[in-house]
Amino acid sequence: MATMLAGLMVALPLLTSSVAGFSPRSLLQVPNTYPNLTACLSQPLTYSCENTTVIEDTCCSPTPGGLVLSTQFWSLNTGLEKEGQLLPKGSWTLHGLWPDNCDGSFGQYCDFSRQFDPSPSPSKLPDGTVIPPYKGPSVETFILEFGRLDLLDYMSKYWINQGAPNSDFWAHEFSKHATCTSTFDVACYGPDYKQHQDVIDFYLAAIRAFQEYPTFDMLASVGIVPSNKTTYTLSQFQNALKAQTGATPYLGCGSDGTVLQEVWYYSHVFGTEQFGHYKTLDSVDPSTCSSTAPIWYYEREAFSEHEVRNTI
Ligand SMILES: *[C@@H]1O[C@H](CO)[C@@H](O)[C@H](O)[C@H]1NC(C)=O
Ligand SMILES: *[C@@H]1O[C@H](CO)[C@@H](O)[C@H](O)[C@H]1NC(C)=O
Ligand SMILES: *[C@@H]1O[C@H](CO)[C@@H](O)[C@H](O)[C@H]1NC(C)=O
């Protein structure tokens, strides 16, 4: 409350003075949002992978990676509970935002000048080129350089690694996938590019997509909750998620298709991954969950979870 009041006291005199001929924009110091997409206004208005004419400006629409996957995990533990790396109670965790090509194939580690992954996986590209492991400062320092404590806080709650620090996972996702997503190309940012702005923007975009698909809540709303006593069927999971997203996502299972672990939501994107609209589509990959056997959606133990939701 104190901060809100302080904000008002600063803002009011500025608004008043704008009446006297000053630009309210410059006085209120609205930050510029990058990249500058003014040039995209002349591009074809279509969803990615649905254009009938060639997309010339690849800063405007993810090209060729226009089949965009927003991916999540259901994990039971992190392996680093003692260090305080815990899972968010009542939520799946963010895996990534992947640019598949329109036919479902995909590129990876597309720009070694933005290779921040300390342990690349795979270690080589399909043509045999070794992906150089990164040894510089953690991507966490990039986020701090931009003063985005809010972003770091959110990522630390919802973007959780297994058996290694979260920031290694964040670096992996950027380097493997965002470098193959044309709308995050450094060239799109023009002369005002501030190093690592693309990294920040990718994390923000991945979070926005993640928030579009609240898997835990969508399942819970039809009574599908984690349980070590009851099993579910693949179609129960699929129907619940389809009822809320309009499409059937990919569901990934371990242990011969009997333990639910992953979900991938597919979409075509109108505009950029940064700011555009995601249209949810059916999975193009067959589920690895059994269509006949009962499926476990296991409950986590209390020591692997913590409460993360802010009170609204
Ligand atoms: C964005 O780019 C256009 C040219 O494409 C330019 O005219 C405009 O001034 C730029 N806007 C900002 C805020 O830099
Ligand atoms: C859309 O444009 C891209 C590149 O500009 C092209 O490779 C792709 O084939 C086009 N897609 C369709 C469905 O026409
Ligand atoms: C539920 O079962 C799984 C698989 O055996 C186990 O890892 C997990 O700890 C169990 N959860 C609880 C709350 O006991």
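Residues numbered from 1 in each chain as written. Chains lettered and ligands numbered in written order. Predicted model: local features only at pLDDT ≥ 70, side-chain atom pairs only at ≥ 80, totals over all residues.

### Quick word on the overall build of the chain
Point 1. The helix and strand inventory of the chain stands at 8 helices and 7 strands.
Point 2. Counting all 312 residues of the chain, 34% fall into the buried class.
Point 3. By sequence separation, contacts in the chain at least 24 residues apart represent 65% of the contacts at least 6 residues apart. (Helix = DSSP H or I, 4+ residues; strand = E, 2+ residues; numbered from the N terminus. Buried ≥ 20, exposed ≤ 12 C-beta atoms within 10 Å, placed from the backbone. Contact = placed C-beta atoms within 7 Å.)

### Focus on the confidence of the model for the chain
Point 1. Across the chain, pLDDT averages 91, with 89% of residues at or above 70.
Point 2. Taken together, the stretch residues 1–21 has pLDDT below 50 and engages in 7 contacts with residues farther than four places along the chain or on a different chain. (pLDDT = per-residue confidence, 0-100.)

### Considering the UniProt feature "active site" (unreviewed entry) in the chain
Point 1. In this numbering, the UniProt entry assigns the feature "active site" (unreviewed entry) to His 95, Glu 173 and His 177. Taken along the chain, the residues just named run across 83 residues; in space they keep tight, none of their C-alpha pairs more than 11.4 Å apart.
Point 2. With respect to the helices and strands, His 95 occurs in strand S3 (residues 93–100).
Point 3. You can call His 95 buried: it has 22 C-beta atoms within 10 Å.
Point 4. Residue position: Glu 173 is located in helix H5 (residues 166–177). (UniProt positions renumbered as here; feature names shortened; annotations may be inferred.)

### Quick look at the packing of helix H4 (residues 149–158) against helix H6 (residues 197–212)
Point 1. The geometry of H4 relative to H6 is characterised by a closest axis approach of 11 Å and an angle of 50° between their N-to-C directions. Overall, the two elements H4 and H6 adopt an arrangement that is oblique. Here the hand of the crossing between H4 and H6 comes out left-handed. From H4, Leu 151, Tyr 154, Met 155 and Tyr 158 reach across to H6, where they touch Ile 200, Tyr 203, Leu 204, Ile 207 and Phe 210.
Point 2. Of the residues contributing to the contact of H4 with H6, the split by class is 9 nonpolar, no polar and no charged. (Axes fitted to C-alpha atoms, helices over the stretch in contact; angles between N-to-C directions. Parallel < 35°, antiparallel > 145°, perpendicular 65-115°, else oblique. Left-handed = near helix turned anticlockwise from the far one by under 90°. Nonpolar A, V, L, I, M, F, W, Y, C, P; charged D, E, K, R; others polar.)

### A closer look at the pairing of strand S1 (residues 67–73)
Point 1. Of all 7 residues in S1, 6 are buried; the element is thus mostly enclosed.
Point 2. Bridge analysis of S1 against S3 gives 7 bridges, and the strand direction is antiparallel. Residue pairing for S3: Leu 67 is matched across the bridge by Asp 100.
Point 3. Sheet topology places S1 next to strand S5 (residues 259–270); 7 bridges connect them, and they run antiparallel. Paired with Ser 70 across the strands is Tyr 265, a residue of S5. (Pairing = 2+ DSSP bridges.)

### Remarks on the pairing of strand S6 (residues 277–281)
A regular strand places its side chains so that they alternate between the two faces of the sheet.
Point 1. Bridge count between S5 and S6: 5 bridges; the pairing is antiparallel. By the bridge assignment, Ser 267 is partnered in S6 with Thr 280.
Point 2. Where S5 folds back on S6, the antiparallel hairpin that results is connected by 6 residues, among which Gly 271 adopts a positive phi of roughly 85°.

### Regarding the environment of Ala 39
Point 1. Structurally, the position occupied by Ala 39 is in the loop between helix H2 (24–28) and S1.
Point 2. Distance in space between the C-alpha atoms of Ala 39 and Cys 60 is 8.2 Å, their sequence separation being 21 residues.

### Some thoughts on the environment of Asp 192
Point 1. Note on placement: Asp 192 falls in the loop between H5 and H6.
Point 2. For the pair Asp 192 and Pro 35, spaced 157 residues apart in sequence, the C-alpha separation works out to 8.9 Å.

### Some words on unusual backbone geometry
Point 1. In this chain, Thr 63 is followed by Pro 64 through a cis amide linkage whose omega measures 5°.
Point 2. With respect to the secondary-structure elements, Pro 64 resides in the loop between H2 and S1.
Point 3. Cis geometry marks the peptide bond from Ser 121 to Pro 122; its omega dihedral reads 5°.
Point 4. Its location among the elements puts Pro 122 in the loop between S3 and helix H3 (139–145).
Point 5. The phi angle at Ser 255 is positive, at roughly 50°, despite the residue not being glycine.
Point 6. Looking at the secondary structure, you find Ser 255 in the loop between strand S4 (250–254) and S5.
Point 7. C-beta crowding within 10 Å serves as the criterion here: with 12 such atoms nearby, Ser 255 is assigned to the exposed category.

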